[in-house]
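Read off the chains here:
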Amino acid sequence: MSIQSNLNSIKATLPEHVTLVAVSKTKPVSDLMQAYETGQRIFGENKIQEMTEKWEQMPKDIQWHMIGHVQSNKVKFMAPFVSLIHGVDSLKLLQEINKQALKNNRTIDCLLQIYIAEEESKFGLDENELNELLTSAEFKELKNIRILGLMGMATFTEDQNQIKKEFTHLKSIFDSIKTLKAENCELNTISMGMSGDYQLAIECGSTMVRIGSSIFGGR
Ligand SMILES: *Cc1c(COP(=O)(O)O)cnc(C)c1O
């Protein structure tokens, strides 16, 4: 199967309110260009250096999403151009993003990553930490970031019930905060679902899916 036909058949199954992030990590620019030529404009990368190199080489109407874990000291490299940062999991990181956004005279959109899996290795906030962050005085001072919603990754398992439980949990956390009124929040996005579980994620309320291997092949 070609990248273009993979992309077209996935897009045909997505409801209109669901945004597709084409996860292109480890793939060469020539592969991304095939997706670009089919009309794809949103790409997801998990390493800042790789994303920056691709941004330099590719058309400027692409929206670059950082989907990986972000180290504070590398935020400055993507601050001029990143469109959405999915994996924000601390106030400290948010403060650094705000600082770099200000330097670039822009506002950077972010999602807060919530820990929903049963694995030790996954990053993210729990519900208490999320509420603490959103209600803190320090958060309210951040004028150059905007929180669009939440991101989560389910446990890597075949057990559909387990995955469904975790996605439903993320949706319920989102519902509990979505009426929050803050100048730097515009809560409308739930980023959940990858190649193996995006259909289930959409059933559970996802508005943004991050799909890599089903478009570009295995890594
Ligand atoms: C790699 C990655 C994806 C895409 O995974 P596929 O299984 O290839 O679709 C989605 N989200 C995150 C955070 C990733 O790192």
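None of the values given here were measured: they were computed from a predicted structure.

Reading the values: the criteria
The numbering scheme is per chain: residues are counted from 1 as the chain's sequence reads. The predicted nature of this model means local features are confined to residues of pLDDT at least 70 and side-chain atom pairs, given and counted, to a pLDDT of 80 or more, with totals for whole chains, interfaces and linings taken over all residues. To obtain the side-chain values, all non-hydrogen atoms of the structure were included, while hydrogens and water were left out. Note on method: axes are straight lines fitted to C-alpha atoms, helices fitted across the in-contact stretch only, with angles between N-to-C directions ranging 0 to 180 degrees. Elements are defined by DSSP. Helices are runs of H or I of four residues or more, strands are runs of E of two residues or more, and each kind is numbered from the N terminus. Relative orientations are named as follows: roughly parallel for angles under 35 degrees, roughly antiparallel for angles over 145 degrees, roughly perpendicular for angles from 65 to 115 degrees, and oblique for any other angle. By convention, the crossing between two helices is left-handed when the near helix turns anticlockwise from the far helix through less than a right angle, and right-handed when the turn is clockwise. The contact criterion used is simple: two residues touch if any of their non-hydrogen atoms lie within 4.5 Å. Classes in brief: Ala, Val, Leu, Ile, Met, Phe, Trp, Tyr, Cys and Pro nonpolar; Asp, Glu, Lys and Arg charged; the others, Gly included, polar. Remark: nonpolar core denotes a set of buried residues (Ala, Val, Leu, Ile, Met, Phe, Trp, Tyr, Cys) joined through side-chain atoms within 4.5 Å. Burial status follows relative accessibility: with a 1.4 Å probe on protein chains alone, a residue under 20% of its type maximum counts as buried, one over 50% as exposed, and anything between as partly exposed. UniProt positions are given in the numbering used here, feature names are shortened, and annotations may be inferred rather than shown by experiment. For this analysis, a ring pair means two rings from Phe, Tyr or Trp (six-membered ring only for Trp) whose centres lie within 6.5 Å, classed as stacked if their planes differ by under 30 degrees, edge-to-face if by over 60, and tilted for the remaining angles. Working rule: Lys NZ or Arg CZ, within 6 Å of ring centre, within 35 degrees of ring normal, means a charge sits over the ring.

## Section: the packing of helix α1 (residues 3-13) against helix α2 (residues 29-37)
Alright, step 1. Running from N to C, α1 and α2 cross one another at 45 degrees; their axes reach a closest spacing of 9 Å. The orientation of α1 relative to α2 falls into the category oblique. Crossing angle aside, the handedness with which α1 passes α2 is right-handed. Residue-level contacts link I3, Q4 and L7 of α1 to D31, Q34, A35 and E37 of α2.
Alright, step 2. A per-class count over the contact of α1 with α2 returns three nonpolar, two polar and two charged.

## Re the nonpolar core
Across soluble globular proteins, you tend to see nonpolar side chains buried next to one another.
Alright, step 1. Counting residues in each nonpolar core, the largest one holds 63 residues, and the members touching the most others are I85, L94 and L112.
Alright, step 2. The dominant element in this core, judged by the number of residues it contributes, is helix α8 (residues 160-177), at six residues.
Alright, step 3. Beyond its immediate stretch of four places on either side in the chain, L94 contacts V88, C110, L112, L133, F139, L142, I145 and I147.
Alright, step 4. Core analysis: the second largest hydrophobic core is formed by seven residues, V21, L84, L148 and M208 among them.

## Observations regarding the packing of helix α6 (residues 127-135) against α8
Alright, step 1. α8 packs onto α6 with a crossing angle of 25 degrees between their chain directions and a minimal axis gap of 12 Å. Viewed along their axes, α6 and α8 adopt a mutual orientation that is roughly parallel. By crossing handedness, the relation of α6 to α8 is classed as right-handed. Contacts between α6 and α8 involve E127, L130, N131 and L134 from the former and H169, I173, S176 and I177 from the latter.
Alright, step 2. A breakdown of the residues in the contact of α6 with α8 according to their chemical character gives four nonpolar, three polar and one charged.

## Side note on the UniProt feature "modified residue: N6-(pyridoxal phosphate)lysine" (unreviewed entry) in the protein chain
Alright, step 1. Here the UniProt-annotated "modified residue: N6-(pyridoxal phosphate)lysine" (unreviewed entry) positions come out as K25.
Alright, step 2. Tracing the sequence through the fold places K25 in the loop between β1 (19-23) and α2.
Alright, step 3. Ignoring any residue separated from it by four or fewer positions in sequence, one finds K25 in contact with G44, E45, N46, E50, K54 and R219.

## With respect to the packing of aromatic side chains
Alright, step 1. Tallied over the entire structure, the rule returns two aromatic pairs.
Alright, step 2. Measuring from ring centre to ring centre gives 5.8 Å for F43 and W64, while their planes differ by 35 degrees; the resulting arrangement is tilted. A residue pair is termed long-range when its members are at least 10 positions apart, and F43 in strand β2 (residues 42-45) and W64 in strand β3 (residues 63-66) qualify at 21 residues. A single burial state applies to F43 and to W64, both of which are buried.
Alright, step 3. Ring geometry for W55 against F81: centres 4.2 Å apart, planes inclined by 5 degrees, an arrangement best described as stacked. Taken as a pair, W55 in helix α3 (residues 48-57) and F81 in the loop between α4 (75-78) and β4 (84-88) lie far apart in primary sequence, 26 residues in all.
Alright, step 4. On the basis of relative accessible area, W55 is assigned to the partly exposed category, the value being 24%.
Alright, step 5. Residue class for F81 comes out buried when judged on its relative accessible area of 10%.
Alright, step 6. Its guanidinium or amino end placed over the ring of Y36, R41 lies 3.6 Å from that ring's centre, counting from NZ or CZ.
Alright, step 7. Just above the ring of W55 sits the side chain of K60; from NZ or CZ to the centre is 5.5 Å.

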